[in-house]
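Each chain is listed here by its residues.
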Amino acid sequence: MAVNKQSFISLVVDEQFKPSRNKRKVYKKVARLNESLGFQELNISLSTVNVDEEKLLQLIRQLKNAQPRERASIINALPAGINI
(Lines give C-alpha, C1' and ligand atoms only; values in the text may rest on other atoms or scores of the structure.)
Protein backbone atom coordinates (compact mmCIF):
# COMPACT_ATOMS: atom_id res chain seq x y z
CA MET A 1 0.00 0.00 0.00
CA ALA A 2 1.27 3.53 -0.70
CA VAL A 3 0.05 6.76 0.87
CA ASN A 4 1.63 10.01 -0.31
CA LYS A 5 4.33 7.98 -2.09
CA GLN A 6 5.24 6.21 1.19
CA SER A 7 5.02 2.42 1.26
CA PHE A 8 3.35 0.49 4.07
CA ILE A 9 2.70 -3.11 4.87
CA SER A 10 -0.67 -3.44 6.59
CA LEU A 11 -1.19 -6.44 8.81
CA VAL A 12 -4.65 -7.98 9.13
CA VAL A 13 -4.83 -9.68 12.53
CA ASP A 14 -7.44 -11.45 14.65
CA GLU A 15 -9.52 -9.25 16.94
CA GLN A 16 -7.67 -10.57 19.99
CA PHE A 17 -4.39 -9.08 18.71
CA LYS A 18 -5.66 -5.66 17.68
CA PRO A 19 -4.15 -2.78 19.67
CA SER A 20 -7.55 -1.09 20.09
CA ARG A 21 -8.83 -4.06 22.03
CA ASN A 22 -7.52 -2.58 25.28
CA LYS A 23 -8.09 1.09 24.44
CA ARG A 24 -10.81 3.62 25.19
CA LYS A 25 -13.94 4.03 23.06
CA VAL A 26 -12.55 7.03 21.16
CA TYR A 27 -9.50 5.04 20.02
CA LYS A 28 -11.75 2.14 19.01
CA LYS A 29 -13.96 4.46 16.94
CA VAL A 30 -10.93 5.91 15.15
CA ALA A 31 -9.63 2.38 14.49
CA ARG A 32 -13.00 1.37 12.97
CA LEU A 33 -13.00 4.52 10.82
CA ASN A 34 -9.49 3.72 9.57
CA GLU A 35 -10.55 0.17 8.73
CA SER A 36 -13.58 1.45 6.84
CA LEU A 37 -11.13 3.48 4.72
CA GLY A 38 -9.11 0.37 3.93
CA PHE A 39 -6.37 0.74 6.55
CA GLN A 40 -5.50 -1.64 9.37
CA GLU A 41 -4.51 -1.03 12.98
CA LEU A 42 -1.08 -2.54 12.49
CA ASN A 43 1.00 -0.94 9.75
CA ILE A 44 4.71 -1.04 9.04
CA SER A 45 5.97 2.14 7.42
CA LEU A 46 8.70 1.12 5.01
CA SER A 47 10.02 4.66 4.64
CA THR A 48 11.47 4.54 8.14
CA VAL A 49 13.37 1.26 7.79
CA ASN A 50 16.09 0.17 5.40
CA VAL A 51 14.65 -3.11 4.08
CA ASP A 52 13.78 -4.74 0.81
CA GLU A 53 10.00 -4.59 1.04
CA GLU A 54 9.47 -7.72 -1.06
CA LYS A 55 11.80 -9.78 1.16
CA LEU A 56 10.11 -8.45 4.30
CA LEU A 57 6.71 -9.32 2.86
CA GLN A 58 7.96 -12.84 2.04
CA LEU A 59 9.22 -13.22 5.63
CA ILE A 60 5.88 -12.06 7.06
CA ARG A 61 4.01 -14.51 4.82
CA GLN A 62 6.40 -17.33 5.78
CA LEU A 63 5.86 -16.61 9.47
CA LYS A 64 2.09 -16.37 8.97
CA ASN A 65 1.95 -19.78 7.30
CA ALA A 66 4.32 -21.48 9.74
CA GLN A 67 3.14 -23.41 12.76
CA PRO A 68 3.61 -21.38 15.98
CA ARG A 69 6.39 -23.72 17.16
CA GLU A 70 8.28 -23.19 13.87
CA ARG A 71 8.27 -19.38 13.95
CA ALA A 72 11.12 -18.95 16.44
CA SER A 73 13.41 -21.16 14.37
CA ILE A 74 12.60 -19.14 11.22
CA ILE A 75 13.51 -15.92 13.02
CA ASN A 76 16.62 -17.45 14.62
CA ALA A 77 17.78 -18.64 11.18
CA LEU A 78 17.94 -15.06 9.90
CA PRO A 79 21.55 -13.86 9.55
CA ALA A 80 22.94 -11.51 12.19
CA GLY A 81 22.70 -7.86 11.15
CA ILE A 82 20.09 -8.85 8.58
CA ASN A 83 19.33 -6.40 5.84
CA ILE A 84 16.13 -7.83 4.42
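Residues numbered from 1 in each chain as written. Predicted model: local features only at pLDDT ≥ 70, side-chain atom pairs only at ≥ 80, totals over all residues. Heavy atoms only, no water.

### Quick word on the overall build of the protein
Thought 1: Looking only at helices and strands, the protein has three helices and three strands in total.
Thought 2: Across the protein, helices and strands are ordered from the amino to the carboxyl terminus as β-β-α-β-α-α.
Thought 3: Among the 84 residues that make up the protein, the fraction classed as buried is 17%.
Thought 4: Separation of charge centres in the protein, based on 14 positive and 8 negative side chains, amounts to 9 Å. (Helix = DSSP H or I, 4+ residues; strand = E, 2+ residues; numbered from the N terminus. Buried < 20%, exposed > 50% of the residue type's maximum accessible area, 1.4 Å probe, protein only. Lys, Arg positive; Asp, Glu negative; His and termini not counted. Charge placed at Lys NZ, Arg CZ, Asp CG, Glu CD.)

### Here we look at the packing of aromatic side chains
Thought 1: Using the criterion set out here, one finds zero aromatic pairs in the structure.
Thought 2: Just above the ring of Y27 sits the side chain of K23; from NZ or CZ to the centre is 5.6 Å. (Phe/Tyr/Trp six-rings, centres within 6.5 Å; stacked < 30°, edge-to-face > 60°. Lys NZ or Arg CZ within 6 Å of the ring centre and 35° of its normal.)

### What about helix α2 (residues 53-65)?
Thought 1: Taking 1.5 Å of rise per residue, the 13 residues of α2 would be expected to cover 18 Å, and the 18 Å separating its terminal C-alpha atoms lies within 8% of that figure.
Thought 2: Those residues of α2 that are buried are in contact with β2 (6-11) and α3 (68-76).
Thought 3: The N-cap of α2, judged by a side-chain oxygen 2.9 Å from the amide nitrogen of E54 a few residues on, is D52. (Expected span 1.5 Å × (residues − 1). Contact = heavy atoms within 4.5 Å. Polar contact = N/O pair within 3.5 Å; in protein donor to acceptor, adjacent residues only side chain to side chain.)

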